[in-house]
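Examination of the molecular architecture
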Amino acid sequence: MSTTASARPSFDYIPGLDGLRACAVLLVLVAHLGFSTAIPGGFGVTVFFFISGLLITRLLLAEHAQNGRIAVGRFYVRRLFRLYPALLVAVALAALTFSAAGGIMGWGKVFSALFYYANYYGIYVHFGQGRDGFDPFSILWSLAVEEQYYLVFPFVCVALLAGTADLRRFSWVLAGSVVLVLAWRVIVHHYGNSGGGTSDYIYMATDTRIDSILYGAWLALILANDTQKHWRRFSASHVVQAVCLLLLQASFVVRHPGFDDTLCYSLQGLALMPLITAICFTASATPLTRVLETKPMRRIGGWSYSLYLYHPIAIVLAEIWWGPGSLGPQRIGWHAFPAFALTAVLLSFVLAVSSYNFVEKPFLRWRRRFGAHVVDN
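Residues numbered from 1 in each chain as written. Predicted model: local features only at pLDDT ≥ 70, side-chain atom pairs only at ≥ 80, totals over all residues. Heavy atoms only, no water.

Let us look at the overall build of the protein chain. A tally of helices and strands in the protein chain yields 21 helices and zero strands. Over its C-alpha trace the protein chain gives a radius of gyration of 20 Å, about what one expects of a compact globule, namely 21 Å for 377 residues. In terms of overall dimensions, the protein chain has a C-alpha envelope of 60 × 50 × 40 Å along the principal axes. In the protein chain, which comprises 377 residues, the proportion classed as buried is 55%. (Helix = DSSP H or I, 4+ residues; strand = E, 2+ residues; numbered from the N terminus. Rg over C-alpha atoms; globule rule 2.2 N^0.38 Å. Buried < 20%, exposed > 50% of the residue type's maximum accessible area, 1.4 Å probe, protein only.)

Relative orientation of the contacting elements helix α2 (residues 41–67) and helix α15 (residues 263–281) amounts to 60°, with a least axis distance of 11 Å. By the criterion of interaxial angle, the relationship of α2 to α15 is oblique. The chirality of how α2 crosses α15 is right-handed. Here F43, T46, V47, F50, L54 and R58 of α2 lie close against α15, whose contacting residues are Q268, G269, L272, M273, I276 and F281. Grouping the amino acids of the contact of α2 with α15 by side-chain chemistry returns eight nonpolar, three polar and one charged. (Axes fitted to C-alpha atoms, helices over the stretch in contact; angles between N-to-C directions. Parallel < 35°, antiparallel > 145°, perpendicular 65-115°, else oblique. Left-handed = near helix turned anticlockwise from the far one by under 90°. Contact = heavy atoms within 4.5 Å. Nonpolar A, V, L, I, M, F, W, Y, C, P; charged D, E, K, R; others polar.)

A separate point is a nonpolar patch on the surface. Together, L88, V89, L93 and L96 line one region of the surface with nonpolar side chains, adding up to about 330 Å² of accessible area. We classify L88 as partly exposed; its relative accessible area is 43%. (Patch = residues over 30% accessible without salt bridge, like charges linked within 9 Å, V, L, I, M, F, W, Y side chains within 5 Å. Areas by Shrake-Rupley, 256 points an atom, 1.4 Å probe, with all protein chains shown as cover. Salt bridge = Lys/Arg side-chain N within 4 Å of Asp/Glu carboxyl O.)

What follows deals with the nonpolar core. Judged by nonpolar contacts, the single largest core of 108 residues is most densely connected at L17, L87, L140, F153, I276 and L309. Per-element tally for this core: the top contributor is α2, with twelve residues. (Core = buried A, V, L, I, M, F, W, Y, C linked by side-chain atoms within 4.5 Å.)

With that settled, consider the side chain of E63. With respect to the helices, strands and loops of the structure, E63 is situated in helix α2. At 2.9 Å, the side chain of E63 and the backbone nitrogen of A71 are in polar contact. Aside from chain neighbours lying at most four places away, what touches E63 is F11, G68, R69, I70, A71 and R78. (Polar contact = N/O pair within 3.5 Å; in protein donor to acceptor, adjacent residues only side chain to side chain.)

Another aspect to go through is the state of the cysteines. Enumeration according to the criterion identifies zero disulfides in this entry. With no disulfide of its own, C244 has C280 as its nearest cysteine by sulfur position, at a separation of 14 Å. By relative accessible area, C244 is classed as buried at 5%. (Disulfide = S-S within 2.5 Å.)

Encoded structure:
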C-alpha cells in the first residue's frame, strides 16, 4: 500500500483518510461511553467534518477537470444512496430503542433526523425527554450540519469554476469564509442567541461550525493549485508538524468559554491542514501513515458511518441491561461499568457491520451508476 496519495484532484482512493475516520469514530465512541470529560469526542466530529470537506471538494474538482462541468443532480443522488438507507434503519431502531428505555418519542424528533435539521432541533427543542441516559438521536446534529452544507456547496463550486475556473480565486473565497465564520462565532458568543445555551448553539449550529468542513475544502483547493508543492514541503516539516500538534493540544487543555466557543475550532482546522497533508500526501509521516493504512484501520474507517449511526443505539441497549453507564463510571458503579462498556462496544460493531454489509453495500452499484468512485473495503 502506497503511503503517499496524489495531491492533485482525482478519484483515487486515499487509504490514510479511512484510517483517520477510524480514529475519529473511536474517539466519539469512547467519549460517549462516559469519558467525555477526558476524551475529546467533539474533536472526532471535527475530524469527520474536515475529511468530508477535503474529500468531497477533491472529487468535485476532479469531476470538473474530467468533464468540464459538475453534475449537481447526480451528486445529490449519490449522497442519497450513500446516506439514506442506513439512516432510515438507524432512525427506526433508535425510535424503538429509545421508547423501550422509557424515553418520550415524537414525530418532531424523527422528522429532524430524516430531513437533516437535528442540530437546530437539538438546540431549540432539546433531546433526551423522558429518560436519564443517552438519547440515540442526539448525535445526528453533525450529520445535519454536513447535509445543510452540501445543499449549497456544489452550487458554489459550479459558480466559482465557471469560465476560467480560477482555483486561486476559489481558494481565497474559502479562506475568507473561515474568517467570517470565526467572526460570527465571536459575535454569537458575545451577544448570545435567541434560544438554547450559547455554547450549545455554537457547537451544533451550521452557521457556527461550517468552517470545520470549509478547512478541509480549502486544503483540497490548496492542493489543486500550482503552489501545492510548496504547501506539501511546508507540511512535511517536522517543526510545522510539532507546532500543529501543540495547537491541537492547546485546543484540548485550555478551558475558557471565550476560547472554546470561538478560537478553538479555528485552531483545530488550521492545525489539521498541514497534519493531514503530511499524513496523506507526503512521506514525512510514513510510520503513522502505514498504521492508518493497515487493513483493520481501513475496515473500521469503512464502517465509520454505520458506527456513528448505531453506536448510540448500542449504548442505550447496554444502559437498559446495566444502567446509565454513558453518564460515567461513577454513576453506574465501577463494578458494572466494564460489562456495560463491553456490551456497548460489541453491539456497536455488530450493528455497524451488519448495516454495512446488508444495508449499505447493496446500494454501491447504484452509486457507481451515478458516477461514484467507491472502494469496497
